[in-house]
Amino acid sequence: MLSRLKFGSLVGAAACEGAPASSASSPTLDLDAIPLTAHEAAMRLAITAAKANPLYPFGAVIIGAADRAVLAQGVNNSKTNPTLHGEIVAINDYVARHGNQGWADGILYTTGEPCPMCMSAIVWTGIGGVVYGSSITTLAEAGIAQIMIRAREVRDAAPWYRGRIMGGILRAETDALFRNSRVRGLLGRDLPRHGEN
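Sequence order as written defines the numbering, with residues in each chain counted from 1. Reporting of local features is limited, given that this is a predicted model, to residues whose pLDDT is at least 70; pairs of side-chain atoms are given and counted only at 80 or more, and all residues count toward the totals for whole chains, interfaces and linings. As a convention, hydrogens and water are excluded, and side-chain values are obtained from all of the structure's heavy atoms.

### Describing the nonpolar core
Moving on, step 1. Note on terminology: a nonpolar core comprises buried Ala, Val, Leu, Ile, Met, Phe, Trp, Tyr and Cys residues joined through side-chain atoms within 4.5 Å. Residue exposure (1.4 Å probe, protein chains only): buried if accessible area is under 20% of the type maximum, exposed if over 50%, otherwise partly exposed. Ile62, Ile91, Leu108, Met119, Ile122, Ile127 and Tyr161 are the most contacted members of the largest nonpolar core, which has 26 residues in total.
Moving on, step 2. Each helix is a run of DSSP H or I of at least 4 residues and each strand a run of E of at least 2, with the numbering of both proceeding from the N terminus. For this core, the element with the highest residue contribution is helix 5 (residues 116-125), accounting for five residues.
Moving on, step 3. Residues Leu31, Ala50, Ile107 and Ile169 belong to the second largest nonpolar core, which totals 19 residues.

Right, dumping it as structure tokens:
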């Protein structure tokens, strides 16, 4: 009988055949080599995007690692489609602008730690790195329903993906954004189901 770990390795190896070529062969981005001020500037862009949805302020931007150009952006739009989290919207925006290429050279910045669905999509694209503000634990504590699987756990389950993850960038600002979103929802009207804006 196969253990879960061995089974996962076999499934991962089989899935690796269909993994994006860019994620299997590209060098790993060193997020620690990027100045903190550059990470903070990109996170501020994600925060600005997030403000378009005051009840679910999940904003994301994809930034070129080398030139720091904004390649795509997105904000939670799950009222239209429950899968349109900020990261998914940013990924779709990237494809619309650049096609399905060059993923390994980008860094996705997001106000909240990617949920398992979003992190899985990030893994499949082969994006070079992920930087988030608030953790899944903080999001849950703020009253936003979460599947309690950390982004690193999803990444680690994909043996071919080498993208780095960095959390806590401008955490005080993103934590306040999510806490205040719950207050606005409680004061302004009944809170919608998770994912509705």
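Here the narrative resumes, following the displayed structure.
### Some words on the pairing of strand 3 (residues 106-112)
Moving on, step 1. The buried fraction of strand 3 is high, at seven of seven residues.
Moving on, step 2. Here strand 1 (residues 59-64) pairs with strand 3 via five bridges, running antiparallel. Bridge pairing in strand 3 places Val61 opposite Tyr109.
Moving on, step 3. The rule for pairing is simple: two strands pair if DSSP sees at least two bridges between them. As judged from the five bridges shared by strand 3 and strand 4 (residues 129-134), these two strands associate in the parallel manner. Considered in strand 4, the bridge of Gly112 is made with Ser134.
Moving on, step 4. When the strands point away from the viewer, a crossover counts as right-handed if the path from the first strand over the helix to the second runs clockwise. Note that the unit made of strand 3, helix 5 and strand 4 has a crossover that is right-handed.

### Details of helix 5
Moving on, step 1. Counting buried positions along helix 5 gives seven out of 10 residues, so the element sits mostly inside the fold.
Moving on, step 2. Among the residues trailing helix 5, Gly126 stands out with phi positive, at a value near 85 degrees.

### Thoughts on the confidence of the model for the protein
Moving on, step 1. Summing up the model confidence of the protein, the mean pLDDT is 85 and the portion of residues at 70 or higher is 79%.
Moving on, step 2. Values of pLDDT, the confidence the predictor places in each residue, fall between 0 and 100. Throughout, a contact is declared for two residues whenever any of their heavy atoms are within 4.5 Å. Ignoring residues within four places in sequence, the model shows residues 1-25, a span with pLDDT below 50, making 24 contacts including any to other chains.
Moving on, step 3. Low pLDDT, under 50, characterises residues 187-197; the predicted model gives this stretch 27 contacts beyond four residues in sequence or across chains.

### Focus on the packing of aromatic side chains
Moving on, step 1. Pairs were defined over the aromatic rings of Phe, Tyr and Trp, the Trp ring being its six-membered one, requiring ring centres within 6.5 Å. Orientation was assigned from the angle between planes: stacked under 30 degrees, edge-to-face over 60, tilted for the rest. Within this structure, the stated rule accounts for three aromatic pairs.
Moving on, step 2. Here Trp124 and Trp160 contribute two aromatic rings whose centre-to-centre distance is 5.0 Å and whose plane-to-plane angle is 40 degrees, an arrangement assigned as tilted. Pair noted here: Trp124 is in helix 5 and Trp160 is in the loop between helix 7 (151-156) and strand 5 (164-166), with a separation of 36 residues, a long-range link.

### With respect to the pairing of strand 1
Moving on, step 1. With six of its six residues buried, strand 1 lies for the most part within the structure.
Moving on, step 2. As paired elements, strand 1 and strand 2 (residues 70-75) share five bridges and run antiparallel to each other. Looking across to strand 2, one finds that Val61 is bridged to Gln73.
Moving on, step 3. In sequence, strand 1 turns back onto strand 2 through a hairpin of five residues, with Arg68 there showing a positive phi of about 60 degrees.

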